[in-house]
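So the chains spell out like this:
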Amino acid sequence: MNYSLKQLKVFVAIAHHRSFSRAGEAIGLTQSAVSHSVKELEAEIGVRLLDRTTREVLLTDAGQRLANRVERLLDDLQASLLDARSFGVQRSGTVRVASSQTISAHLMPQCIAAGERQYPEIRILLRDQAQQSVLHSVRNAEVDFGIVVDPLQAVDLQCEPILHEPFLLLCRDDHPFADLTSVPWTALNGCRLVLQDYASGSRPLIDSALRQQGIGVEVVQEIGHPATLFPMVAAGIGISIFPALALPLPEGGRLRVKRMEPEINRALMLVRRKNRSLSPAADAIWQVVHQQAALLQQLRGEPAG
């Protein structure tokens, strides 16, 4: 059957008011539109629903039976739509976020704290993962969204940059670079480097920067966790290139941080599945991460050293 929700609403209004004109006034239609609508419904169903006289409108037995059922169904439908609307604007529940290790350590604590202050009814659960695992979690809907270093090849994801930060040089206070205000990338030629491994989103960007500058280096250690860079460099094993987000340095050590020329940045990205809407709660936390990243960008100062 090809009947419409509008026709059913018109019919129920007639059944309630027992008048075409009063039904039209109640639902905002002309009397002729009301009459036409109910005639179409009767033709579609194949049974007479109303008996019309010059003085009143009466329901047939079939009409009375239909009116009783349809009125309940329309009430249930209205309640369901209101419930869906309520869910669509509520900001409560659990939001799952995945981020790579440096981001988890140096950006997400502020985001979680700000999210809890602004939306106390939302619980934020963080997954601290390597970059490829973050992308896997997003693609498989294991989390609402993720935060990664520019994933380069992610055409199946919606990506929004939230923070651009420079790569910096890390060395000991007795290294020749420690006395420089900034270090040219070309000065790294032939140096021993301690770098994060390829589970990190930064490593391909660092490799690309070295290639673009025509620099040959000796990578003497590849480590998994960014915090391991500090004791490696402090022990004199090599120097390192690392993102500004990993600051500050451990206190009381011999490490120094220097800007590099030319400045080469990495982008941090919010990522989610393409063409999939976030829940109101997840969208609220997505915006909180945007805000906190912008605040960090504003507050970030010169590196120590």
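This is a predicted model, so every value here is computed, not measured.

Going through the model one piece at a time under the given rule, you end up with two aromatic pairs. With a centroid separation of 5.3 Å and 75 degrees between ring planes, the pair formed by phenylalanine 145 and tryptophan 286 is classed as edge-to-face. Residue phenylalanine 145 is located in strand S5 (residues 145-149), and its partner tryptophan 286 is located in helix H10 (residues 280-299); the two are separated by 141 residues in the primary sequence. Residue tryptophan 286 is classed as buried on the basis of its relative accessible area, which comes to 1%. Here phenylalanine 230 and phenylalanine 242 contribute two aromatic rings whose centre-to-centre distance is 6.0 Å and whose plane-to-plane angle is 85 degrees, an arrangement assigned as edge-to-face. Note that phenylalanine 230 is positioned in helix H9 (residues 229-234) and phenylalanine 242 in strand S10 (residues 240-243), a separation of 12 residues in sequence. Look at phenylalanine 230 and you get buried, because its relative accessible area is 10%. Here the basic side chain of arginine 272 rests over the ring of tryptophan 286, its NZ or CZ set 4.9 Å away from the ring centre.

Looking now at the nonpolar core. Residues Phe145, Ile147, Ile162, Trp185, Leu188 and Ile241 are the most contacted members of the largest nonpolar core, which totals 45 residues. Ranked by the residues each element gives to this core, the list is headed by H10, at seven residues. Lining this core are residues from two domains, each supplying at least three of them: domain 2 (93-161 + 273-301) and domain 3 (163-266). Not counting chain neighbours up to four residues away, the residues in contact with tryptophan 185 comprise Phe167, Ala209, Leu210, Gln213, Ile215, Ile241, Met260, Glu261, Pro262 and Ile264.

This part is about the pairing of strand S9 (residues 218-223). Pairing analysis gives five bridges linking strand S8 (residues 192-196) to S9, with the strands arranged parallel. Considered in S9, the bridge of arginine 192 is made with glutamate 218. Where the polypeptide runs from S8 across helix H8 (residues 202-212) and back to S9, its parallel neighbour, the crossover connection is right-handed.

Packing of helix H2 (residues 20-27) against helix H3 (residues 31-45) brings their axes to within 8 Å, and their N-to-C directions diverge by 100 degrees. Taken as axis vectors, H2 and H3 run roughly perpendicular relative to one another. Contacts between H2 and H3 involve Phe20, Ser21 and Gly24 from the first element and Gln31, Val34, Ser35 and Val38 from the second. In terms of residue class, the contact of H2 with H3 is made up of three nonpolar, four polar and no charged.

Conventions and cut-offs
- Residues numbered from 1 in each chain as written.
- Predicted model: local features only at pLDDT ≥ 70, side-chain atom pairs only at ≥ 80, totals over all residues.
- Heavy atoms only, no water.
- Phe/Tyr/Trp six-rings, centres within 6.5 Å; stacked < 30°, edge-to-face > 60°.
- Helix = DSSP H or I, 4+ residues; strand = E, 2+ residues; numbered from the N terminus.
- Buried < 20%, exposed > 50% of the residue type's maximum accessible area, 1.4 Å probe, protein only.
- Lys NZ or Arg CZ within 6 Å of the ring centre and 35° of its normal.
- Core = buried A, V, L, I, M, F, W, Y, C linked by side-chain atoms within 4.5 Å.
- Domains from an automatic or database assignment.
- Contact = heavy atoms within 4.5 Å.
- Pairing = 2+ DSSP bridges.
- Right-handed = clockwise from strand over helix to strand, strands pointing away.
- Axes fitted to C-alpha atoms, helices over the stretch in contact; angles between N-to-C directions.
- Parallel < 35°, antiparallel > 145°, perpendicular 65-115°, else oblique.
- Nonpolar A, V, L, I, M, F, W, Y, C, P; charged D, E, K, R; others polar.

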